[in-house]
Structure formats: structure tokens, C-alpha cells
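The residues making up each chain are set out below.
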Amino acid sequence: MLENIQLLLSIKNNSNFSQRKLANETGMSLGKVNKIVRELIDDKILTITQKKSSMTYILTDKGESVLSNALTNQSEIKIKNIQSECIDTAVILAARISGDLKKSPLELEIKKDYRILDRLIEQLSHQNITKYIFVTDQNNLKLKEYCDFKKIKAEFVVSNNADKTGTMESLNLVKDLIDTAFILVEGDLVVETRAIDELIANENANAILCTGLSGQHEEAFVDIDSNGYLQNISKDIRQLRNLLIEFIGISKYSYGFFKKLIHEYKYSENEWLNYEYLVNTVSRYDAVKCVLVDNLIWIDIDDEPRYYKLMNTVYPAIKIREDRENTRNIQHIISSALKLPADTDVIVRDAGGMTNDNYRVKINNQYYFVRMPGVGTNEIIVRENEEINSKLASTIGVTPTIFYFNVDSGIKIAEEINGATTLTSRSIKTRVNLKKVSKILLKLHSSSIQFVNTYDYLSELKKYEEILKKQSGHFYDGYEFIKTKLMSAMDSLEFNSVSPCHVDLVPENFILDRDENMYLIDWEYSGMTDQFWDLASFCNESHLTIEEITTFLELYFKRTIEKKEMQKIFWFMAFQHLLWSVWTLNKALEGDDFGNYGISRFKNAKKIVEEYLNV
């Protein structure tokens, strides 16, 4: 019955489809389409007329009633199109110039003689894209000159009123140039290559690229169903059931889906309409897969400050990650670790990471999470402790099961979290997630497990200082002065509680599964220490405001926070900023570039000492 309804939906949207086109549209075999069409005609649900070589399918009154009742009573019925052809076309929206840039972001250089456009073309051509269609405004034809110079085969469509219309008008301008499936890219984006690769590799013909909430402005929030298909998309945060993921402006569509977008737009009177809202409308009948690329590094560039951020933090981080992925033979390492037969199919996808390289691995239709230690981490991490602690944490259900751990190399292979969504400093601040964080931390801190080591934060700072001095590194100006002030504030506080602690509570270490259960990953720094370390670490790494810190602590303690407790939180927050500022200096000497991360940490330590610790 479901296949019959899918076929009727497709015919309803385009009565002139041939049976072969209907097969492509619905993902059914040609034989099955032929069989269902004959049954529908016999049941007087469908009629067919033929003029010369073309056929037109028409729903009868009975057919209209059947379809209407099905959609009313079964809201999950959608056409789920499987991609049946290779995509060779890209449409790039570059008509609108925002803010103070004065030219298309695609013209901006990432490095000398290497523009954002060059990177995008490389990413797309790697996926066998050969046809490019640009939508530009009348003042932005330098892109055409550059494409001609670089011998990029492209067609250009000019929008004469891009500043007065939405993105759907730009997409509407290319309707006569599109006769196949295509990938759609908004021209102000810079993303990791893996995002485009995963989108195109996804079997669904219609799909949008999504990631965890980034905190970037003008987010397009997304709701998905249990199978990962689009349910709702909106920039109004009040219209969403869940706040976990957002749409990034890269997507792919079948030709049939595109025609439906154009059809919907034909009857629209809103000149400011953006295409994603019509995608949302059409997705009620034609399923749109939300391809979730977790822990993604990306940025949209719509003004000078964001271009500065791209150059100083975002692109360096992307470059480090992509260089690592390109230079390591991960399949060989994993096969050796698990002693797999030579013919075992090992599929590896990058899963991000700041300190380490993380991968999502498929082996014989089973998925695993693989952690490869970053350069220099084995020098400062005791892997024996990490192995035992993480396995102990898995016994109380706060971290996934570990299948393989090598204390010499630091390689770890663990159970994959089903439908994993990595939290961000944006998504973790919702009250529902603050409550889940408080619950999982309380479960850890109050458990009876005993980690094999003590995390001595004072010794850790001393260790990082000694490593830096050994390599003739330099501390930030004013470091010793702030450290002395901070340590003097310690005398008025109590530091005597000891609990099993995670120690490194960045938002990316909190993972939600498909059922929104929370897990903690990466136990490299774990140990027995003061529970306030974990609480302060979470507040720091999630960039909580004073009000959010208070809310979180009251959820954790289930009572009002005392002044001394809040001072202790601030002391630990300042100390952590100091500690990680020195850690960053060490990583810089090893060749990693974290931009302004280290100096920002030091400035934050100084601010807390001056404003909250009264010293």
C-alpha cells in the first residue's frame, strides 16, 4: 500500500512522467512501477491518456480521495528517492554581497593566490562535478573573469535585484539550465571537504547538509524524524521541538524535486522567500534526508570580522584536520589493530577532534568509533590510566563499550553511539541539555568506581610549565603575576573532596544518541579529583554566562549555591584557563596552530582573577 501511495504522490506532482522516470523518482524497479500502474488503472484509481509518443497519468476522483485519506491518516508517507544517477552539476548562489565585504566571498583569498572559489572547485571536482552554474549580481561579474582565467567551465546567470529578493529567486533564475540532479552551494561558505563528500555519497536523492548547533548568526534550525528525515526547518528558534542540529547551505536535489520547488515558487507572492522553506514544504511529500556531519568545522563569511575569523582560526583548523586525514593510512592501522583478514572491507570517515584524530569506521556492516592520538599527546597522557578509567566508566553506562585499547600507541576502538550528535557550546546551553549534563556528571561523581590515578591539577600545570621551559618556549606576558594572584586566592577556599572525574569537559565530549541519551567520551585526563574541577570545566568550555552557571549548579546540587562554592568554581575556572594557555604554547612548539586560543585563555584567567576572586 505504501508503494502505491508513493507512486500516486509522484504522479500527482508530475502527470507527464514516463514509467522509467517514475521508477527513478520513487526508487522502485521499472517492473514494479508497471505492475502497480496496471493495478491502479484496474481499480479505477488512475487513468491514462496517450498523445503520439507521450503518456499522461491522471488521478480519478477515487484516486484523489485515496491519496488524500492516506496522507491524512499516515503522516509518515513520503516518497523516499534513491539517487539513481551521478551528480555532475553544481549551482552556486553568489548573487548577494553582505556587510562590508564589497565583493563576493568566493573572490577572497585563503592564502596567496588561492581563493575560496579555488577551494570550492577543488572540492566539487573531486566528486566529479564538471558543470558549474553561478548566480551573481550585475556588479559581481569578476567571478566570470576569474573562471575564464582559470579555465573553469561555468555558466553565469545575473540577478538584477539580488539585494531585494530571497535565495529562491536566485534558484528560480537557473530553471532553464537545469535538467538533471545537482548540488546546491551557497557561495559564502567554507567547510571541510568531508562534508561535501558525505552529502554526495548519501544514497538519498534529496538531502541537506546538517551539523550540530554552531552559534553562528542566522542559524537555520532543523527538526528530524527517527530515521533522519527532515520534519521542519526554521530560523525562528521558537518553531522547533528540539535544538540539536542546523542546516548548512549545501544540499542536493533530484530534477523532479527541483521542478516541485519551482512549481511552488510560481504561486508565491513573497519576493524575500528563501529556498530552504520551500524545501521544507516539498519535503512533506518527498522525503529529504538530513545528512548529519558531526563535529564539523565551517563558517559563512558575510562581513570582514568573519573573514578575519576564517583566516586566523577556522581555515587553520580545517587544514590541520584535512592534512592528517590525507597523510595517514587509517585502514591499515585499524586492520592491524583488530587483526582483520586482508580482504575485510574497512570504510573510514573523519569524525573531527581537536587534540586527537577521530574516525567513524564501518567494518562488515558494523560501525565503530576510532581514536588516533594527536602528535605529542602520548608524552603528556598516561595511557594505562586512561584505559582502566574509561573501561570503569563504561560499567556505569556513562561512556560506550571499549573493544580495543593500545596503551603504547593510544589507539582506541569503541562502540559507536547510534545516531551520534556532538553537542556544541550553543546546543549544550538549553535547559534540557544542562539538566542531562548535571545528571550524567552527578552519576559519575557519586558512583563507587575508583579511578586508578589522582588528577593533581597543580602538578599538571607544573608539568606543562617544565615541558615549555625544556623546549625554550616563552610564557605570556604577565603570566607569573596572574598565577601568583590566583594561588593567593586559594588560601581562603576548601579543597578536600575527591570523586571520579572526567576533567576535560568540552562540549564536544558530550554525545547524544538517537534517543537523546547522553554519553561522555575521551577520558585521557580523567582521575580522582575535586568534583568542582569538572563543574568548572563544563562552565568554562561551554562559555556559560553567570546566569547559566547558576542554573547549571542548581540543577546539579538541587539547591541554591553558596557564595564559597561559587568562589571555588571561579578559582577552578581561572586555573583551567591558565593551564590550557600553557598547554597551547606546548602544542604550538609541536607545529599545531590554534590561532588565538592560548592568549584568549590567558586573558580569561586574568579577567576572573581581577573581577571575581577579589585579589
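Attention here is on the structure that accompanies the text. Because the structure is predicted, anything quoted here is derived from the model rather than measured.

**Considering the nonpolar core**
- Leu171, Phe510, Phe552 and Trp571 are the most contacted members of the largest nonpolar core, which has 104 residues in total.
- For this core, the element with the highest residue contribution is helix H20 (residues 563–589), accounting for 14 residues.
- Leave out the neighbours within four places in its chain, and Phe510 touches Thr421, Thr422, Leu423, Ile428, Val437, Ile440, Leu505, Met518, Tyr519, Leu520 and Phe538.
- In terms of nonpolar packing, the next biggest core, distinct from the first, is built from 48 residues, Leu143, Val291, Ile297 and Ile301 among them.

**A look at the packing of aromatic side chains**
- Here the structure, examined in full by the defined rule, presents 29 aromatic pairs.
- Ring centres of Phe247 and Tyr275 lie 6.4 Å apart, and the angle between their planes is 85 degrees; on these two criteria the pair is classed as edge-to-face. Here Tyr275 lies in helix H10 (residues 275–282) and Phe247 lies in strand S13 (residues 245–253), a separation of 28 residues in the sequence. As far as burial versus exposure is concerned, Phe247 and Tyr275 are alike and both buried.
- Where Phe475 meets Tyr479, the ring centres are 4.8 Å apart and the plane angle is 25 degrees; that geometry is what we call stacked.
- Taking the relative accessible area as the measure of exposure, Tyr479 reaches 2% and is therefore buried.
- Aromatic rings pair up to connect Tyr455, Tyr457, Phe495, Trp533, Trp571, Phe572 and Phe575 into one cluster.

**Focus: the pattern of salt bridges**
- All told, the structure shown has 25 salt bridges when counted by the stated rule.
- Between Glu192 and Arg321 there is a salt bridge; the shortest N-O distance is 2.6 Å. Of the two residues, Glu192 sits in the loop between strand S9 (189–191) and helix H8 (193–201) while Arg321 sits in helix H11 (residues 304–327), which places them 129 residues apart along the sequence.
- Here Glu192 falls in the buried class, since its relative accessible area comes to 1%.
- Classification of Arg321 by relative accessible area gives buried; the value is 8%.

What counts and what doesn't
Residues numbered from 1 in each chain as written. Predicted model: local features only at pLDDT ≥ 70, side-chain atom pairs only at ≥ 80, totals over all residues. Heavy atoms only, no water. Core = buried A, V, L, I, M, F, W, Y, C linked by side-chain atoms within 4.5 Å. Buried < 20%, exposed > 50% of the residue type's maximum accessible area, 1.4 Å probe, protein only. Helix = DSSP H or I, 4+ residues; strand = E, 2+ residues; numbered from the N terminus. Contact = heavy atoms within 4.5 Å. Phe/Tyr/Trp six-rings, centres within 6.5 Å; stacked < 30°, edge-to-face > 60°. Salt bridge = Lys/Arg side-chain N within 4 Å of Asp/Glu carboxyl O.

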